[in-house]
Amino acid sequence: MADGYFAPAPAARLALFRIAVGVYAAGWSLARLPAHLDLADRSAARWDPVGPWSLVDSPPADAVVAALALAAPLAGIALAVGWWHRVVAPLAAAVLLGLTALASSFGQVFHTENLLVLHLFVLAVAPAADALVPGRRGLEPDAVEDRYGWPLRLASVLVVATYALAGVAKLRIGGADWLDGEVLRNLVAHDNLRKAVLGDVHSPLGTALVGHAWAFAPMAWATVVVELGAPVALLGGRWRTAWVAAAWTFHAGVLALMAVLFPYQLLGIAFLPFFRLEQLLDRARRRSSLEAQTA
Amino acid sequence: MRLLVEGHETPDGFPLSTYPMFARDRGRVVEVPSVVLVRDGEVERLSPTTIAGTDQVIEAAVVVGEAVRGGEGTAGALCEEVLGRVDGPVEVQVVVERYDTVRWAAGDDEPDDRRVVASCR
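Anyway, here's the lowdown on the structure attached to this text. (Residues numbered from 1 in each chain as written. Chains lettered and ligands numbered in written order. Predicted model: local features only at pLDDT ≥ 70, side-chain atom pairs only at ≥ 80, totals over all residues. Heavy atoms only, no water.)

1. Some remarks on the overall build of chain B
- The helix and strand inventory of chain B stands at five helices and four strands.
- C-alpha atoms of chain B, sized along the principal axes, occupy 55 × 30 × 25 Å.
- A burial count over chain B gives 47% of its 121 residues as buried.
- Of the contacts made within chain B by residues no fewer than 6 positions apart, 57% connect residues no fewer than 24 positions apart.
- In the structure as shown, chain B presents an accessible area of about 6,100 Å², 48% of it carried by carbon and sulfur atoms.
- Side-chain charges in chain B split into 13 positive and 23 negative, and the spacing between the mean points of these groups amounts to 3 Å. (Helix = DSSP H or I, 4+ residues; strand = E, 2+ residues; numbered from the N terminus. Buried < 20%, exposed > 50% of the residue type's maximum accessible area, 1.4 Å probe, protein only. Contact = heavy atoms within 4.5 Å. Areas by Shrake-Rupley, 256 points an atom, 1.4 Å probe, with all protein chains shown as cover. Lys, Arg positive; Asp, Glu negative; His and termini not counted. Charge placed at Lys NZ, Arg CZ, Asp CG, Glu CD.)

Here you go:
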């Protein structure tokens, strides 16, 4: 990696990541609150538990479902604020894991919130509230120490591993044939067809593109290059920026062609660990100082 | 790593996953199980919420698929469940429809074949 896995980082960088993930977790779980509360109505016959729920033979009681659904946005807010971080952060990770795993325990495993949950567990064991916590005195956001660096490196490695595994899976399951574009074309067509048949929103653009078979081989290659090429992001600098831009574009393409939304990635939260977030604070301070001087 | 050494697809999990989505070829001609409303002879599409009580279309697809694989009994049970969610004197059908996905994408909306697994009114 460009700076070495254990290279120090400013406390503010880790704290900003904490705030971003906490705000996202709160917003996402609030937007999904009605759907999460509806999990209590799922038939026990569909119970196919994953994650921590694998230890449980039947769906949790309605009160447990409601508690998780209502606690999740509060946990996200509490994480973002940073008070009692050593208690709040593990709790937030546990609540979001419980909730997202529950949603995937009725016959279909969803893959849109894996990184959110993994990042929450990184924050649960990281000193992410040593800066940018309202009301706390004596914090040093500019303090640069090893212990603020490794959590962000770990979060970055988790992002890279996620995409690399997806790329490996495509070639392992689909073989080299996945690259000729026909598999991707069939997947885009099938996904949009199924959505239309089952009364859901589908992509007119993706549907129309199915008629242009030539377009899918380049897209298939681009997909696998982005996924298997994810480790270059750990080199930092232009490699990092280029890969993040490519990965974001990939998700924009998935949304445009298949109406499949990965909000954690499209909002950029997933990729924050790669960047020197404290530069945002530095710019704000400089702007504030300049305004004070000219006032 | 299990994915790299095993010769078959490993079960998926959460939050640790092998991310197998979009890896397997579905083929050009596919059969899609669904639940439809038949009103005045016309077929109407139902939402995932009406079909399976979820806003997630893939989950609804899994529910219908499992009901169809379970045979007339389970398909019939799903039919009755959906009937309870719709209004008016209508017929609900659990069907399997076969499509050529490329022709469908070109605007040919009608399935090549529709097989009714269960119906209720």
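2. Re the sheet that holds strand E4 (residues 113-120) of chain B
Residue and element names in this part refer to chain B.
- Pairing in this open sheet of four strands is antiparallel, and the strands run E2-E1-E3-E4 from one edge to the other. Of all strands in the sheet, those with a lone pairing partner are strand E2 (42-45) and E4, marking the two edges. Adjacent strand axes in the sheet meet at a mean angle of 40°, parallel and antiparallel pairs treated alike.
- Bridge count between strand E1 (residues 29-39) and E2: four bridges; the pairing is antiparallel. Counted as the bridge partner of Val36 is Arg45 from E2. (Pairing = 2+ DSSP bridges. Axes fitted to C-alpha atoms, helices over the stretch in contact; angles between N-to-C directions.)

3. Structural notes on the nonpolar core
- The biggest cluster of nonpolar side chains holds 62 residues, and the ones touching the most others in it are Leu116(A), Trp243(A), Tyr264(A) and Phe274(A).
- When contributions to this core are tallied by element, the ones reaching two or more residues are helix H1 (11-31), helix H3 (62-81), helix H4 (85-103), helix H5 (114-124), helix H6 (150-174) and helix H10 (237-258) of chain A.
- Other than its neighbours up to four places away in sequence, Tyr264(A) contacts Phe17(A), Val21(A), Tyr24(A), Leu115(A), Leu116(A), His119(A), Ile269(A) and Ala270(A).
- If you look at the next biggest cluster of nonpolar residues, it comprises 27 residues, including Trp178(A), Val188(A), Val32(B) and Val102(B). (Core = buried A, V, L, I, M, F, W, Y, C linked by side-chain atoms within 4.5 Å.)

4. What to know about the state of the cysteines
Residue and element names in this part refer to chain B.
- Summed over the entire model, instances satisfying the criterion amount to one disulfide over all chains.
- Each sulfur in the disulfide pair Cys79 and Cys120 lies 2.1 Å from the other. Between Cys79 and Cys120, the S-S torsion sits near -100°, and that sign places the bridge as left-handed. Of this pair, Cys79 sits in helix H4 (residues 72-83) while Cys120 sits in strand E4, and the two are 41 residues apart along the sequence.
- A relative accessible area of 6% places Cys120 in the buried class. (Disulfide = S-S within 2.5 Å.)

5. A few points about the packing of aromatic side chains
All names here are of chain A.
- Per the counting criterion, the structure on display carries eight aromatic pairs over all chains.
- Seen in terms of ring centroids, Trp83 and Trp84 are 6.3 Å apart; in terms of plane orientation they differ by 70°. Their pairing is edge-to-face.
- Each residue in the set Tyr163, Trp243, Phe271 and Phe274 is aromatic and connected to the rest through ring pairs, giving one cluster.
- When the ring centre of Phe106 is taken as origin, the NZ or CZ atom of Arg42, which lies over that ring, is 5.9 Å away. (Phe/Tyr/Trp six-rings, centres within 6.5 Å; stacked < 30°, edge-to-face > 60°. Lys NZ or Arg CZ within 6 Å of the ring centre and 35° of its normal.)

6. Side note on the pairing of strand E3 (residues 91-100) of chain B
All names here are of chain B.
- The buried fraction of E3 is high, at nine of 10 residues.
- Bridge count between E1 and E3: 10 bridges; the pairing is antiparallel. Of the residues in E3, the one forming a bridge with Val36 is Gln93.

7. Some details on the pattern of salt bridges
All names here are of chain B.
- For the coordinates displayed, the defined rule picks out 21 salt bridges over all chains.
- A salt bridge links Glu44 to Arg39; its shortest N-O distance comes to 3.0 Å.
- For Glu44, a relative accessible area of 29% gives the class partly exposed.
- Where salt bridges share partners, they join Arg28, Asp100, Arg103, Asp108 and Asp112 into one cluster. (Salt bridge = Lys/Arg side-chain N within 4 Å of Asp/Glu carboxyl O.)

8. Examining a nonpolar patch on the surface
- Nonpolar side chains collect at one region of the surface, where Trp83(A), Trp84(A) and Val87(A) lie side by side and expose about 420 Å² of accessible area between them.
- As for its position among the elements, Trp83(A) is in the loop between H3 and H4. (Patch = residues over 30% accessible without salt bridge, like charges linked within 9 Å, V, L, I, M, F, W, Y side chains within 5 Å.)

9. Quick notes on the packing of helix H9 (residues 216-228) of chain A against H10(A)
Residue and element names in this part refer to chain A.
- Viewed as axis vectors pointing N to C, H9 and H10 meet at an angle of 135°, and their least axial separation amounts to 10 Å. It follows from the interaxial angle that H9 and H10 lie oblique. The element H9 and its partner H10 pack so that their crossing is left-handed. Mapping the contact onto sequence places Met219, Thr223, Val226 and Glu227 in H9 and Trp243, Ala246, Ala247, Phe250 and Leu257 in H10.
- Tallied by class, the residues present in the contact of H9 with H10 amount to seven nonpolar, one polar and one charged. (Parallel < 35°, antiparallel > 145°, perpendicular 65-115°, else oblique. Left-handed = near helix turned anticlockwise from the far one by under 90°. Nonpolar A, V, L, I, M, F, W, Y, C, P; charged D, E, K, R; others polar.)

10. Regarding the interface of chain B and chain A
- The interface is formed by 50 residues belonging to chain B together with 50 residues belonging to chain A.
- Taken over both partners, the interface formed by chain B and chain A buries close to 4,700 Å², and the fraction arising from carbon and sulfur atoms is 68%.
- For chain B, the biggest contributors to the area lost against chain A are Phe14(B), Tyr19(B) and Phe22(B); these three give 20% of the whole.
- The interface formed by chain B and chain A contains three salt bridges.
- Salt-bridge contacts for Glu59(B) lead to Arg42(A); the nearest nitrogen and oxygen are separated by 2.7 Å.
- Our count for the contact surface shared by chain B and chain A stands at 12 residue pairs in polar contact (both at pLDDT 80 or more).
- When residues of the side of chain B that touches chain A are traced back to their parent elements, those giving at least two are helix H1 (2-5), E1, helix H2 (48-52), helix H3 (57-69), E3 and helix H5 (101-105) of chain B.
- Ranked by the residues each element gives to the side of chain B that touches chain A, the list is headed by H3(B), at six residues.
- Among the residues making up the side of chain B that touches chain A, the classes are represented as 28 nonpolar, 11 polar and 11 charged. (Buried area = accessible area lost by both parts, 1.4 Å probe. Polar contact = N/O pair within 3.5 Å; in protein donor to acceptor, adjacent residues only side chain to side chain.)

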